[in-house]
Amino acid sequence: MEIDSVFYTDRSGPATINPLLDQLPSYQSLLYRRKPSTNGTKRRGSSRTRLGSSGSGKWGLNTVTRHEEKQRSQTLQKPVRELPKTMAEKRRDNVQRLEQARELSSWGQWRQSTRRSLRRMRQEAHEWLSSLKLWRGDIHLIEGMFGTGILSYFSFLRFLVMLNLVIFLLMFSFIMLPIIIAPYASGNTTYNQADGSVCSAYPSSTRRGLVIFHEHITDLLSGGGFLEQTYLFYGYYKVDGIHFPKFSYNLPLAYLLVTIAYLFLSLIWIVKRSATGFKRNLVQDEDRFQSFCNKIFAGWDFCITNENAARLKRSSLLYELKTDLEEERIKQKIADRTRKERCRIYVIRLILNLFVIAVLAACFYSIYRATVFSQKAQMTKENFMVDLIYEYLPSIVITLANFITPLLFSLIINYEDYSPAFEIRFTLMRCVFMRLTSIGVLLFSLWSQITRCKEEPCICGYNHLLYSCWETRVGQEMYKLTIFDFIIIAAVTIFVEFPRKLIVKYCDCGLAKWWGQQEFAIPQNVLEIVYGQTICWIGTFYCPLLPAICIIKYFFIFYIKKVSLINNCRPATRPFRASSSNFFFLAVLLIGLALACLPVIVSIAQINCSQACGPFVNYNTSWDVLPRTVSQLPNGVRTFLITLSSEAFAVSFFVITCLAMFYVIALAGAHKRVINQLREQLAMEGRDKHFLIQKLCQAQRLSAIRSPGPQSLSQPRTRGSSSYHTSFSSNYNDGLYLADPHPDSSTHV
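Residues numbered from 1 in each chain as written. Predicted model: local features only at pLDDT ≥ 70, side-chain atom pairs only at ≥ 80, totals over all residues. Heavy atoms only, no water.

(A) Focus on the overall build of the chain. In terms of regular secondary structure, the chain is built from 26 helices and 8 strands. In the chain, buried positions account for 39% of the 749 residues. Excluding contacts between residues fewer than 6 apart, the proportion of contacts in the chain whose partners are at least 24 apart in sequence is 75%. Split by element, the accessible area of the chain, about 43,900 Å² in all, is 63% carbon and sulfur. (Helix = DSSP H or I, 4+ residues; strand = E, 2+ residues; numbered from the N terminus. Buried < 20%, exposed > 50% of the residue type's maximum accessible area, 1.4 Å probe, protein only. Contact = heavy atoms within 4.5 Å. Areas by Shrake-Rupley, 256 points an atom, 1.4 Å probe, with all protein chains shown as cover.)

(B) Here's a closer look at the sheet that holds strand β2 (residues 188-191). Taking strand neighbours across the sheet as the criterion, the 3 strands line up as β2-β3-β4 in an open arrangement whose pairing is antiparallel. Two strands bound the open sheet, and with one partner strand each, they are β2 and β4 (248-249). Where β2 meets strand β3 (residues 239-243), 4 bridges bridge the pair, whose relative direction is antiparallel. Bridge pairing in β3 places Thr190 opposite Gly241. (Pairing = 2+ DSSP bridges.)

(C) Looking closely at the state of the cysteines. On inspection of all chains with the given rule, the structure shows 1 disulfide. Here Cys469 engages in a disulfide with Cys613; their sulfurs sit 1.8 Å apart. Looking along the S-S bond of the Cys469-Cys613 disulfide, the torsion reads about 85°, which is the right-handed sense. Here Cys613 lies in the loop between α22 (578-605) and α23 (625-631) and Cys469 lies in the loop between α17 (420-450) and α18 (470-506), a separation of 144 residues in the sequence. Like Cys613, Cys469 is buried. Unpaired in terms of disulfides, Cys536 finds its nearest cysteine sulfur in Cys550, a separation of 3.5 Å. Judged by its relative accessible area of 0%, Cys536 is buried. Here Cys550 falls in the buried class, since its relative accessible area comes to 0%. (Disulfide = S-S within 2.5 Å.)

(D) Spotlight on the pattern of salt bridges. Per the counting criterion, the structure on display carries 5 salt bridges. We note a salt bridge from Asp485 to Lys553, for which the minimum N-O separation is 2.7 Å. Taken as a pair, Asp485 in helix α18 and Lys553 in helix α21 (residues 546-567) lie far apart in primary sequence, 68 residues in all. Ionic pairing is found between Lys561 and Glu528, a salt bridge with its closest N-O pair at 3.7 Å. Taken as a pair, Lys561 in helix α21 and Glu528 in helix α20 (residues 522-539) lie far apart in primary sequence, 33 residues in all. As far as the burial class goes, Lys561 and Glu528 line up, both buried. (Salt bridge = Lys/Arg side-chain N within 4 Å of Asp/Glu carboxyl O.)

(E) Representation of the pairing of β3 in the model. With 2 bridges joining them, β3 and β4 adopt antiparallel strand pairing. From the neighbouring strand, Ile242 faces β4, where its bridge partner is Tyr249.

(F) Examining a positive patch on the surface more closely. A surface patch of like charges, here positive, comprises Arg111, Arg115, Arg116 and Arg120. Inspection of the secondary structure puts Arg116 in helix α7 (residues 106-131). When its relative accessible area of 35% is taken as the criterion, Arg116 is described as partly exposed. (Patch = residues over 30% accessible without salt bridge, like charges linked within 9 Å, V, L, I, M, F, W, Y side chains within 5 Å. Lys, Arg positive; Asp, Glu negative; His and termini not counted. Charge placed at Lys NZ, Arg CZ, Asp CG, Glu CD.)

(G) Main features of the nonpolar core. Phe154, Phe156, Trp470, Trp537, Leu589 and Phe616 are the most contacted members of the largest nonpolar core, which has 125 residues in total. In terms of residue count, the dominant contributor to this core is helix α9 (residues 148-181) (16 residues). (Core = buried A, V, L, I, M, F, W, Y, C linked by side-chain atoms within 4.5 Å.)

(H) A look at the confidence of the model for the chain. In the predicted model, the chain carries a mean pLDDT of 75, and the fraction of residues at 70 or more is 75%. When pLDDT is averaged over each helix and strand of the chain, the minimum, 39, is found for strand β7 (residues 723-727) and the maximum, 90, for α21. Of the regions scoring below 50 in pLDDT, residues 1-15 engages in 41 contacts with residues more than four places distant in sequence or in other chains. Low pLDDT, under 50, characterises residues 36-61; the stretch is placed with 34 contacts to residues that sit more than four places away or in other chains. (pLDDT = per-residue confidence, 0-100.)

(I) Representation of the packing of aromatic side chains in the model. Counting across every chain of the model gives 27 aromatic pairs. Arranged with centres 6.4 Å apart and planes meeting at 35°, the rings of Phe156 and Phe159 form a pair that is tilted. With Phe156 and Phe159 both in helix α9, this residue pair falls 3 residues apart, about one helical turn. Of the two residues, Phe156 and Phe159, neither departs from the other in class, the shared state being buried. Ring centres of Tyr392 and Phe484 lie 5.6 Å apart, and the angle between their planes is 40°; this geometry places the pair in the tilted category. Taken together, the positions of Tyr392 in the loop between α15 (384-391) and α16 (393-412) and Phe484 in helix α18 put the pair 92 residues apart, joining distant regions of the chain. (Phe/Tyr/Trp six-rings, centres within 6.5 Å; stacked < 30°, edge-to-face > 60°.)

(J) Fine view of a nonpolar patch on the surface. On the surface, a nonpolar cluster with roughly 720 Å² of combined accessible area is contributed by Val651, Phe654, Val655, Leu659, Met661, Phe662 and Ile665. By the element assignment, Val651 lies in helix α25 (residues 647-706). The class of Val651 is exposed, set by a relative accessible area of 51%.

(K) Looking closely at the side chain of Gln449. In this structure, Gln449 sits in helix α17. Setting aside its immediate chain neighbours within four residues, Gln449 contacts Val372, Lys376, Asn463, Leu466 and Tyr467.

(L) Up close: α20. Taking 1.5 Å as the rise per residue, α20 with 18 residues should run 26 Å; its terminal C-alpha atoms sit 26 Å apart, in good agreement. For α20, the buried fraction is high: 17 of the 18 residues fall into the buried class. (Expected span 1.5 Å × (residues − 1).)

(M) Molecular detail of the packing of helix α14 (residues 339-377) against α16. Direction vectors running N to C along α14 and α16 enclose 170°, while the axes themselves pass 9 Å from each other. Classified by the interaxial angle, the pair formed by α14 and α16 is roughly antiparallel. From α14, Leu352, Phe355, Val356, Val359, Leu360, Cys363, Ser366, Ile367, Ala370, Thr371, Phe373 and Ser374 reach across to α16, where they touch Leu393, Pro394, Val397, Ile398, Ala401, Thr405, Leu408, Phe409 and Ile412. Looking at the contact of α14 with α16, its residues break down into 17 nonpolar, 4 polar and no charged. (Axes fitted to C-alpha atoms, helices over the stretch in contact; angles between N-to-C directions. Parallel < 35°, antiparallel > 145°, perpendicular 65-115°, else oblique. Nonpolar A, V, L, I, M, F, W, Y, C, P; charged D, E, K, R; others polar.)

(N) How the structure looks around the packing of α18 against α21. Running from N to C, α18 and α21 cross one another at 10°; their axes reach a closest spacing of 11 Å. Classified by the angle between their axes, α18 and α21 sit roughly parallel to one another. Two secondary-structure elements touch here, α18 through Met478, Tyr479, Thr482, Ile483, Asp485, Phe486, Ile489, Ala490, Thr493, Glu497, Phe498 and Lys501 and α21 through Leu546, Ile549, Cys550, Lys553, Phe556, Ile557, Ile560, Lys561, Val563, Ser564 and Asn567. A breakdown of the residues in the contact of α18 with α21 according to their chemical character gives 14 nonpolar, 4 polar and 5 charged.

(O) Local environment of the environment of Val397. As for its placement among the helices and strands, Val397 is situated in helix α16. For Val397, the residues in contact, after removing those within four places along its chain, are Ser366, Ile367 and Ala370.

(P) The arrangement of α16 in detail. An ideal rise of 1.5 Å per residue puts 28 Å on 20 residues; α16 measures up with 28 Å between its terminal C-alpha atoms. Buried within α16 we find Leu393, Pro394, Ser395, Val397, Ile398, Ala401, Asn402, Thr405, Pro406, Phe409 and Ile412.

Here it is, written out as structure tokens:
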């Protein structure tokens, strides 16, 4: 008789009623949920519910089947040498594939060989492109020595280099290149001419006569002098249009659209990269037990080859486990707090947060006063060093604030009684707020000077006496911030980290041992380059070549940080996993992009353009070029664009977006319920396996007791035997046997 059940009670009895399987925890759980009224109903539904509990139902079986078919098809498409099999199995698979190929027609063989050749070409092209990746060897070296946590910082730096390269290509291709090729392509360039009014006066800052060498250095560091009237700054682009033989090029429109394009492209690129990290981070944070399992069973970084890095990785995993246990202890402590203790903690946090707000306010006020003083002091020239200090005074104050406030925040957080993980995140968010908001305060200080005149209202819409070309002045401030940020990073590495390494290595005093080797703090280093990238996004509108400067800056920073990491630093004691690191980096970068968009949008839409320089001399604001260009288009195109910008289209688009969002939210909720059900089924299957193993052990013990001698135990089982005649526990009236399913049976273990 054909057997299609693994467990059965009697060879002559029915296979659907089994007391052993009815005792499975998953089946008992289903019975408890359904609460049947009679035992007869329970017995009638036994086989049906057992299928649902042990096999996850028809949906689960179909899903598993589809997954197996997909894996099988992928395996068949792979070359034999790439399969994870022994040589004998590979030879057997190769013979089977050759036999299957002979059975195909000539057309099928040609298609198969063509498909195989194209796949091989695609793989070779992918490998070739991978070999062309920037810093590929250096990043592999860092990954092997320090693991994926520190690797994520250098990969993030490479991403910013590629992003700035794309931004630079956009600015160069659509703004600079038409001006450069116009004389060689029979192009007629029309410039914005001054109309003789006081607003169009633009005194040149180029030095005349005998120029001392240090004055060139001042111009190079400040962006003034000979650099002010170059492609570097906004004021140089006075072109109104370029008329080629077959078409006309509207440079003001191109300038505006390219600015919108690089901001939008940055947003799309960052969101696309952060989506994977966000999903992984969300799954990891969903279940604390899963976090423990990941750290214990999948926490090791197998890319590490350095012994010291392996020891540090071991200590970092130990630290993570201690941190998780400490968080659980603090959660329990928070749950057990009395009302008096909660009030005391809230009062302490309120006082400390008020102190933090006071420190931030003092820093912002210092930046504001330094910016106002620097702008006024630049009108008079004294000597080389004093002028240079006046030029860089806002940058110096911002750098000091960014250096002092993290130390204060790290000290204050110890008294606020947060969990260790929240302490790190909260301190970092305070530092992010300080760094990025300091740029906003600087721009606010500049615009307060630009839009304020002695005689209100301003004749030109801005302070033309102090800022004849205010866009170039803002570009110079962003240029100085970029240069000074690079100087500080290089100076700290050379004059702080290298001497510290020498002191710790060759000095045996207690102070040197207490000071210890420099840690490579990933979050602080990331905040440095996010700060620089935010400056780049803001300054590109006013300084079109700033992305190229940032590319050069990031190149030097990469090698400076690499040398410092290998020779001076050690990984931080509070590690960052690569998955969470990438998401955190991109989240902070997204905040920086949002902050960068705000001043650019305000300057484009609200502040009057300079009437003495730049491509928007003939417009009140930079945005005015778009409506004027649309009004000159044909009627059909103009009507279409006006419809897109109308309130009716905006409301309709908003409604459709809301419906799509509600659908996605409902779909996410359904997926979450399915995930919870699958988790419950996995837990139940684990309990079922534990139960069955216990029963199997009991059966083996009973078999050993009942067997007459060692001969029956050592008696070989015949090849055609289909079952073990091993009885289970004697708790049942019928004997239970473990059956071997027939190869054609539908039951699989």
